[in-house]
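# Per-entry structural report
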Amino acid sequence: MKIIYKDGHVDECPQDQELHVIRHTAAHIMAQAIKRLYPQADFAFGPATENGFYYDVDLGDQKLSDEDLANIEKEMRKIVKENLPIKPFILPRAEAVKLMEERKENYKIEHMADLADETEFSFFQQGEYVDMCIGPHLTYTKALKAFKITQQSGAYWKNDKENKMLTRINGVAFRNQEELDAWEKEQQEARERDHRKIGKEMGLFMTDDLVGRGLPMFLPAGEEASHAAQDLPKAGPRPFSRSHSGAGRHENFPALPVSFPPAAQGLFLFWLPDQVSPRQLSAQVCAAPSTDRISPVT
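About the thresholds
- Residues numbered from 1 in each chain as written.
- Predicted model: local features only at pLDDT ≥ 70, side-chain atom pairs only at ≥ 80, totals over all residues.
- Heavy atoms only, no water.
- Pairing = 2+ DSSP bridges.
- Helix = DSSP H or I, 4+ residues; strand = E, 2+ residues; numbered from the N terminus.
- Contact = heavy atoms within 4.5 Å.
- Axes fitted to C-alpha atoms, helices over the stretch in contact; angles between N-to-C directions.
- Buried < 20%, exposed > 50% of the residue type's maximum accessible area, 1.4 Å probe, protein only.
- Polar contact = N/O pair within 3.5 Å; in protein donor to acceptor, adjacent residues only side chain to side chain.
- Core = buried A, V, L, I, M, F, W, Y, C linked by side-chain atoms within 4.5 Å.
- Salt bridge = Lys/Arg side-chain N within 4 Å of Asp/Glu carboxyl O.
- Arc of directions from axis to C-beta.

## Comments concerning the sheet that holds strand 9 (residues 146-156)
Pairing within the open sheet is antiparallel, and its four strands lie in the order 3-4-10-9. In this open sheet, the two strands that pair with only one neighbour each are strand 3 (42-43) and strand 9. Pairing analysis gives ten bridges linking strand 9 to strand 10 (residues 165-174), with the strands arranged antiparallel. From the neighbouring strand, G154 faces strand 10, where its bridge partner is T167. Relative to strand 9, helix 2 (residues 66-82) is tilted by about 130°, and along the sheet it contacts strand 4 (53-58), strand 9 and strand 10.

Given below as structure tokens:
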């Protein structure tokens, strides 16, 4: 994979730097797409990260929807197809500041003021888009093969809560479509294993805005599961046993350790027979709860 450095020379990219360069270039292409769709956009920082890339941008009063994010990604694909060459250039401070002033890059100008007087300012340009950056980057936009915008969030300028809240747009990028497909599969599996999703499906806990989304409350099935889990360290391995309220019977199960629920290993541990699934047990508990009260998860 060929990359271009800030001094203009092109070389083969070290293998351990490939993803970083790909993601850094993806951030620039995303910024170019944003600028085309939202000319008022004023950009802050846009680095590559361990898992992808992002750009913090001031869009004024503009709020982005999921449809807007999809349109930005669509515009990125247009830029990739244009196969724009990515070219670096270096300017002394005075000329660099003038360029950023002409382009109304207020956050870049403020950042430049924080740097030492002797700083050499390098830029990378693709088509009409120019960004202050030390590189390196891909040599053409078409070299970006697989990417996806994932989400947006808020981020304070310079991570200071006294500064303006900017819009942070996140994405991921990989060497090829196969790697992106594998990542998307992992994300889907993680969503399916999410204890917040499974816990609600199994009737273990609930959340409420009045209490706070970060404070789940046990439902009867979750309350019983919690007590059973807390009793295990005291008693050691033993058959799981419970009485059905109002049913007049007592059940004992052979000892067989399994995790419960599957997505939250370490949260609950039960001794169940191999023919009884965690979901079946949850159904039993919900059908005959020992209490109707809701308890906070502790």
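Having seen the structure, we can now continue with the description.
## Let's talk about the side chain of S122
Its place among the elements puts S122 in strand 6 (residues 121-126). Of the residues examined, S122 reaches a relative accessible area of 3% and is grouped as buried. Of the polar contacts made by the side chain of S122, one reaches the backbone oxygen of C133; its length is 2.5 Å.

## Regarding the nonpolar core
In terms of nonpolar packing, the biggest core is built from 32 residues, with M30, I34, F43, I72, M76, L144 and I169 touching the most fellow members. Broken down by secondary-structure element, the contributors of at least two residues to this core are helix 1 (18-37), strand 4, helix 2, strand 9 and strand 10. No other element matches helix 1, which puts nine residues into this core. Beyond its immediate sequence surroundings of up to four residues, I169 is in contact with M30, I34, F53, Y54, Y55, V57, L64, L69, I72, I149, Q151 and Q152. Counting nine residues, the second-largest nonpolar core is a separate cluster that includes A96, M112, F121 and M132.

## With respect to the pattern of salt bridges
Applying the stated criterion across every chain, the model contains 14 salt bridges. With a closest N to O distance of 3.8 Å, K78 and E75 form a salt bridge. Linking K78 with E75, this pair stays in helix 2, spanning three residues, or about one helical turn. The class of K78 is partly exposed, set by a relative accessible area of 43%. R175 serves as the salt-bridge partner of E179, at 3.2 Å between the closest nitrogen and oxygen.

## Notes on helix 3 (residues 93-102)
All of the buried residues in helix 3 are A96, L99 and M100. Buried residues of helix 3, viewed axially, fall in a sector of 95°; they line one side. Projecting away from the buried face of helix 3 at angles above 90 degrees are the exposed residues A94, K98 and E102. Buried residues belonging to helix 3 abut strand 5 (86-91), helix 4 (106-113), strand 6 and strand 7 (129-132). Looking one or two places after helix 3, you find K104, whose phi comes out positive at around 60°.

Without other data, these values stay purely geometric and don't point to any function.
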